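# Overview (structure and organization)
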Amino acid sequence: MSKFWFPVLILSAMLLITVLFYADMLGQKDLNNGLFACTVVWFGGLAAVDYWKKKA
Amino acid sequence: MEEVTAQESIQTSGEFERQPVPTSQLKDWRKFLGMYAGEHAAGTEFVIGPLFLTAGVSAFDLIVGLLVGNFLAVLTWRYITTPIATSERLTLYYKLEKISGRKLVTGYNLANGLLFCFLAGAMITVSATAVGIPFDMPMPALTDRMPTSISWVLVVLGVGAVISIVAAKGYDAVSKFSNIAAPWMVLVFLIAGIVAAKRLGVSSLDDLWAVWGSGSEPFPGQIKFTFWHVTAFAWFCNAAMHLGMSDLSVLRYADRNSVGWTSAAGMYVGHYMAWISACLMFALYLKSPEAEAILAGGGVPPVAPGPLSYEVVGISGLVCVLVAGWTTANPTIYRAGLAFQAIFPKSFTTKVTLATGAIATIAGLFPAFAMKLLDFVAVYGFILAPIGAVIFFEHYFAERLGMVRNYAAAKGIGFNMAVLAAWLISMGVFYTISVQQGVFLSFFTLPAWIACGVLYLVFSKILQKK
């Protein structure tokens, strides 16, 4: 996966979670947990991508 | 508000500081779009949004006032700042030195550095409200001016120390981290606004009008904001950057004048979407039993970005407040350090940055800088903007009036009295009127700017005749 698509995927997931919350398909706790997971993946993933890019 | 993280990605420190940027180094609009969008989504946006609500602003005044004010700011960047930047291709400091002399630039740097320190202090305060949640720290109220508890002091000192050390030692790493965090941060701002709106029962503009309506009476110690207050604030909160020509340092790399339009990304992401989102978060908090009890008791609820965002989007919101505060305080301290170092050129950057961080941390201990941020930002723009008028009026009118351009450089003087007199008189007169008449300071930023430019031409004409 290219460096460009990874952040787009995470940001899309965050937006999707928000839309589901807005449509009453997710509760507040689900929203919070979903966003937190995306946050961890965002920073962890981008750090990993950066690390591999440097190693390559 | 502004910060310099992304700016550094365009402007490498030490490059072309005393010479025009060569054509080969010019950048197109794409570099500036991202820079402006990230630059204006700072930690302080979490405070400015709620402060509008405490000023009793109505929904219409806020939404339309911000729309108009931000557009005027974009026009100022496009038609005032960028044409001079692309024509001169010099930093503000070097251009100012050529007009006013080295000694006067030192005075400007001192004012600039101190104001940056206080701004960084407000950002440390914002971050401390996020760090303090696990420690059950009491949050400062809107009317608090002094440190409120021992835990507050300890948390602020801890946050300030970390930010200062990182600013002194690892600036590049934070700058890089900040660029990585920016898109995520902007989205968290947006999501927080959407979630707060949903929980307030707002699903259309009609609902927003019903919930928010025509505003309220301002909270104690705040003045009532109207459409004109919001417009003037949005236009001039970054007056130091556009009217004050601070952004010459960035826009001198622009390949064409139309690059000035990219400032719209910063205005409508940071100063529109983020402010309204933060406003909605605070509106939600005001509906909580805790806030209603405080208001019923005649008290003033706290404007604490940490708890506000935690309530709306959980830990992600907390991380967002911390990251927004940290990544913006860091370059602000760094930039203030550079301003001070220009005054003491023989001192080590690390030591100056640490000392600057210490001043910012001490400022952060006092919630007044964050809780009075609307006033502080207005003062910040008001003080620094008139200097830009000297550059603007000199650029367009000096030759037409038969005056020598870049007078200090041409005559080899270190101090151009015309600049100092124009700056002090314009600031002094309008500040006095503002205080005596109780008028919001941002209303006088443009008159002071014009007065400074005209006075500079008059004084220069007299001085140069002699």
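Residues numbered from 1 in each chain as written. Chains lettered and ligands numbered in written order. Predicted model: local features only at pLDDT ≥ 70, side-chain atom pairs only at ≥ 80, totals over all residues. Heavy atoms only, no water.

## Quick word on the interface of chain B and chain A
Residue-level contacts link 23 residues of chain B with 18 residues of chain A. Where chain B abuts chain A, roughly 1,800 Å² becomes buried across the two surfaces, and 74% of that area is made up of carbon and sulfur atoms. One can count one salt bridge joining chain B with chain A. Residues B:K198 and A:D24 are paired through a salt bridge, measuring 2.9 Å at the closest nitrogen-oxygen approach. There are ten residue pairs in polar contact (both at pLDDT 80 or more) connecting chain B and chain A. For the side of chain B that touches chain A, the residue count by class is 16 nonpolar, three polar and four charged. (Contact = heavy atoms within 4.5 Å. Buried area = accessible area lost by both parts, 1.4 Å probe. Salt bridge = Lys/Arg side-chain N within 4 Å of Asp/Glu carboxyl O. Polar contact = N/O pair within 3.5 Å; in protein donor to acceptor, adjacent residues only side chain to side chain. Nonpolar A, V, L, I, M, F, W, Y, C, P; charged D, E, K, R; others polar.)

## A word on the packing of helix α2 (residues 28–55) of chain A against helix α15 (residues 315–343) of chain B
In the contact formed by α2(A) and α15(B), the axes pass within 8 Å of each other and the chain directions differ by 45°. Accordingly, the angle class assigned to the pair α2(A) and α15(B) is oblique. Each of A:N32, A:L35, A:F36 and A:T39 in α2(A) lies in contact with α15(B), whose residues at this interface are B:I315, B:S316 and B:V319. The class makeup of the residues in the contact of α2(A) with α15(B) is four nonpolar, three polar and no charged. (Axes fitted to C-alpha atoms, helices over the stretch in contact; angles between N-to-C directions. Helix = DSSP H or I, 4+ residues; strand = E, 2+ residues; numbered from the N terminus. Parallel < 35°, antiparallel > 145°, perpendicular 65-115°, else oblique.)

## Re helix α5 (residues 92–100) of chain B
All names here are of chain B. In terms of burial, α5 is largely enclosed, as seven of its nine residues are buried. Every buried residue belonging to α5 is among L92, Y94, K95, L96, E97, I99 and S100, and all of these are buried. Directly beyond the C-terminal end of α5, a positive phi value near 95° is found at G101. (Buried < 20%, exposed > 50% of the residue type's maximum accessible area, 1.4 Å probe, protein only.)

## Structural notes on the UniProt feature "transmembrane region" (unreviewed entry) in chain A
Per the UniProt record, the feature "transmembrane region" (unreviewed entry) sits at residues 33–52 of chain A. When the span residues 33–52 of chain A is considered, its composition is 100% helix and 0% strand, and the gap between its end C-alpha atoms is 28 Å. (UniProt positions renumbered as here; feature names shortened; annotations may be inferred.)

## Some points on unusual backbone geometry
Residues and elements named next belong to chain B. Of note in the backbone geometry, R89 takes a positive phi value of approximately 60° without being a glycine. Look at M245: it is not a glycine, yet its phi comes out positive at around 70°. Relative to the helices and strands, M245 is located in the loop between α10 (227–236) and α11 (248–251).

## Details of the pattern of salt bridges
Should their charged atoms come close, side chains of opposite charge can pair. All names here are of chain B. A full pass over the atoms with the stated rule returns ten salt bridges over all chains. Salt-bridge contacts for E88 lead to K95; the nearest nitrogen and oxygen are separated by 3.3 Å. Bridged by salt links that share partners, the residues E88, K95, E394 and R405 form one connected network.

## Considering the environment of B:A422
Residue and element names in this part refer to chain B. Along the chain, A422 turns up in helix α20 (residues 417–437). Along the primary structure A422 and A389 are separated by 33 residues, whereas in three dimensions their C-alpha atoms are 9.7 Å apart. Not counting residues up to four positions away in its chain, the partners in contact with A422 are C452, L455, Y456 and F459.

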